[in-house]
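# Structural overview
So you can see what is in the structure, the chains are spelled out below.
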Amino acid sequence: MTAKSSTQSRVTIPAALTVRELAELLRVSPVEVIKRLMTNGVMANQNQTIDYDTAAIVAVELGFEPEPEAAAAPEPGAPLVEPEEEPDDPASLKPRPPVVTILGHVDHGKTSLLDAIRKTRVAAGEAGGITQHIGAYQVERDGHLITFIDTPGHAAFTAMRARGAQVTDIAVLVVAADDGVMPQTVEAINHAKAAEVPIIVAINKIDLPAANPDRVKQQLTEHNIVVEEYGGDTVCVPVSAATGQGIGDLLEAINLVAEISELKANPNRPASAVVIEAELDPSRGPVATVLVQRGTLRQGDAVVVGETSGKVRAMLDDRGRRIKEAGPSTPVVILGLEDVPEAGERLRAVADEKLARQIVEERRRRREAQEQTQHARVNLDTLFNEISAGKLKELIIILKTDVRGSAEAIKGALERLSTQEVKLKIIHAATGPVTDSDVMLAEASNGIIIAFNTRIEPSAKKRAEAAGIEIRSYNIIYQVLEDVEKALQGMLEPVYQTVVDGHAEVRAVFKSSRVGQIAGSYVTDGVVRRGSLARVLRGKEEVAKGRCEGLKRFQDDVREVQTGYECGIVISGFDKFQVGDIIEFYHEERVS
Ligand code: GDP
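Residues numbered from 1 in each chain as written. Predicted model: local features only at pLDDT ≥ 70, side-chain atom pairs only at ≥ 80, totals over all residues. Heavy atoms only, no water.

Here is the rule: UniProt positions are given in the numbering used here, feature names are shortened, and annotations may be inferred rather than shown by experiment.
Looking at an unreviewed UniProt entry, one finds the chain named Translation initiation factor IF-2, with Tepidiforma flava as its source organism. On record in UniProt, under Subcellular location (unreviewed entry), the comment for the chain is "Cytoplasm". Quoted verbatim from the Sequence similarities (unreviewed entry) heading of the UniProt record, the comment on the chain is "Belongs to the TRAFAC class translation factor GTPase superfamily. Classic translation factor GTPase family. IF-2 subfamily."

### Things to note about the overall build of the chain
Definition in use: Only DSSP runs of H or I reaching four residues or more are called helices, and only runs of E reaching two or more are called strands; each is numbered from the N terminus. Think of it in three bands: residues with accessible area under 20% of the maximum for their type are buried, residues over 50% are exposed, and the middle band is partly exposed, with areas taken using a 1.4 Å probe on protein chains only. In what follows, residue pairs with any heavy atoms lying within 4.5 Å of each other are defined as contacts.
Counting its regular elements, the chain contains 14 helices and 33 strands. Of all 592 residues assigned to the chain, the portion counted as buried reaches 50%. For the chain, the proportion of contacts with a sequence separation of at least 24, taken over those separated by at least 6, is 71%.

### Side note on the sheet that holds strand β7 (residues 136-141)
The condition that has to hold: Paired strands are those between which DSSP finds at least two bridges. Simply put, an axis is a line fit to the C-alpha atoms, just over the touching stretch for a helix, and the angle between two N-to-C directions goes from 0 to 180 degrees.
The six strands lie next to each other as β7-β8-β6-β9-β10-β11, forming an open sheet whose pairing is mixed. The open sheet terminates on both sides in strands that have one partner only, identified here as β7 and β11 (236-238). Taken pair by pair, the neighbouring strands of this sheet meet at an average axis angle of 30 degrees, ignoring direction. Its contacts with the sheet put helix α7 (residues 213-221) on β9 (170-176), β10 (199-204) and β11, and the angle it makes with β10 is roughly 150 degrees.

### Observations regarding the environment of leucine 335
By secondary structure assignment, the location of leucine 335 is in strand β20 (residues 331-337). On the basis of relative accessible area, leucine 335 is assigned to the buried category, the value being 9%. The spatial distance from the C-alpha of leucine 335 to the C-alpha of alanine 314 is 5.3 Å, given a sequence separation of 21 residues. Not counting chain neighbours up to four residues away, the residues in contact with leucine 335 comprise Arg284, Pro286, Val287, Lys311, Val312, Arg313 and Ala314.

### Overview of the pattern of salt bridges
Any two side chains of opposite charge can pair, on the condition that their charged atoms come close. Here is the rule we go by: The rule for a salt bridge is simple: a side-chain nitrogen of Lys or Arg has to be within 4 Å of a carboxyl oxygen of Asp or Glu.
Applying the stated criterion to the full structure yields 34 salt bridges. Of the charged contacts in the structure, one is a salt bridge between glutamate 252 and arginine 141, with a shortest N-O distance of 2.7 Å. Within this pair, whereas glutamate 252 is found in helix α8 (residues 247-261), its partner arginine 141 is found in strand β7, the two being separated by 111 residues in sequence. Taking relative accessible area as the criterion, arginine 141 reaches 25% and is therefore assigned partly exposed. Here arginine 535 makes a salt bridge to glutamate 584, at a shortest N to O gap of 2.7 Å. Pair noted here: arginine 535 is in strand β28 (residues 533-538) and glutamate 584 is in strand β33 (residues 582-590), with a separation of 49 residues, a long-range link. The exposure class assigned to arginine 535 is partly exposed, which follows from its relative accessible area of 23%. The class of glutamate 584 is buried, set by a relative accessible area of 10%. Several salt bridges share partner residues, and in doing so they unite Arg10, Glu65 and Glu67 into one network.

### A few points about the packing of aromatic side chains
Here is the rule we go by: What counts as a ring pair is set by centres within 6.5 Å for rings of Phe, Tyr and Trp (its six-membered ring), and what kind of pair is set by the plane angle: stacked under 30 degrees, edge-to-face over 60, tilted for all other angles.
Applying the stated criterion across every chain yields a total of two aromatic pairs. Residues phenylalanine 574 and phenylalanine 577 carry aromatic rings whose centres are separated by 4.9 Å and whose planes lie at 85 degrees to one another, so their mutual orientation is edge-to-face.

Rendered as structure tokens:
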């Protein structure tokens, strides 16, 4: 990070604003803001609303001195309370364990692999090696801890992202060696790519006689996953969750990729964490597993999660042991929240419980205010506005089709519609109906869904409606292309410049029963053309705008009249000429 400049400019930031609005305030591109948010663990698209704290972090990083906008109508005794999260000094950052999610097709062994990895602890003779299911667990390999999210599959992974939480650092893609790449394998690849997390391939079930790891590697290349052996950069490990073969190698590979990623966090600050799962326990009350992302969470901390607060009464690790504190990348169960939070919500530790309750109150008010000004997400119809407002230069599409052939054909044709200015990115193309998972991916990536000759699952439809995700159904290819092309053309935002062609001075006004008024004029400079755009000036004032509908020399209609000649001029929709008016003739030229 560069040293702070002494000429910091102040910026007033409202309690909640969209990423795009923040970009405008800070005079940078929305992409720049999105990048900064990502490095701070916040996944947001440009239409998403972020709170003051989050916005302030970005502002500080960009050299601004943020200050909160005065609340619109603060209730007596309830000033804006939520303190901003201080950005970390790079010197305070310490390496942290990677957080890994296991993705892959159903029955390829995700759950078995998570079990096998968990068992390495028992094998390593760790005391209390038996893991409780809390939604995430840690294992150690060569002195390095690795955190695994215990809910396999990309649905959970993307659901978190759709809520703005980026939890995963590394995705392990499980492919069964006997079955090869299957539809959900492809889906998982695309979800991981959309989240921009590195992928490690685990070819599972190599104990089976039908195992064919080479075929898997070949199939993966078709989806742009090229393993090291084939000259690519994706680490690939053969494993068997059944026999335990290769599990150690997989852990080593994870450590290697983690090292390259240089994952860091500051442990010495109030904690912020993400809820992995939560439930209401009949005897213990709300119980939540959270993954600490920054800082250290301590027993006794006052915390805020979404719109609930509490005090960490007790903390348990993934072996059910009481612990007093948890640093970055550590999953912990916490007791003491007032309500059950939702997976994907962020938790932060604050000074005391009173403040925590005030923050919750404030968040509730903000949400209510915000709900009245909900932002629409991208859709083809409003795309042009989105773009002119936010300079959106990428249209993200998820494509579902009836048969593979049409997926390939539409994908290819759509991609060719990309221009230099606007990129069309199909982040997932597959056969089958539109599912919940597609909608979540669209939500997390701010994309639209195109359904070609395929149905939309009712739950996906409901989810899409609730989240404002557009699903467009088609059954004719050219209509897909036509619609997208039109939207893209709107995206191009042509810039026009006015070029003046000439002027004429009105010297006499004639009435005509047919056309209203004819201005007997003298061309003072340039040239006057029939059909040209024109404006009528009276002194400095523009009194009318129109088109030159009629142009006559004596009784003849002419196409153009040069400087120094007299002519009769008719301007569309204008019949209030006065002697002395100046008619300016111009055209518009596209400059970009
Ligand atoms: P998931 O749906 O991806 O979570 O897959 P599961 O972990 O439930 O595994 C599906 C099936 O494959 C189960 O019957 C497992 O016992 C079996 N299985 C998983 N891993 C292996 C393996 O390495 N070798 C063999 N032979 N079977 C496996």
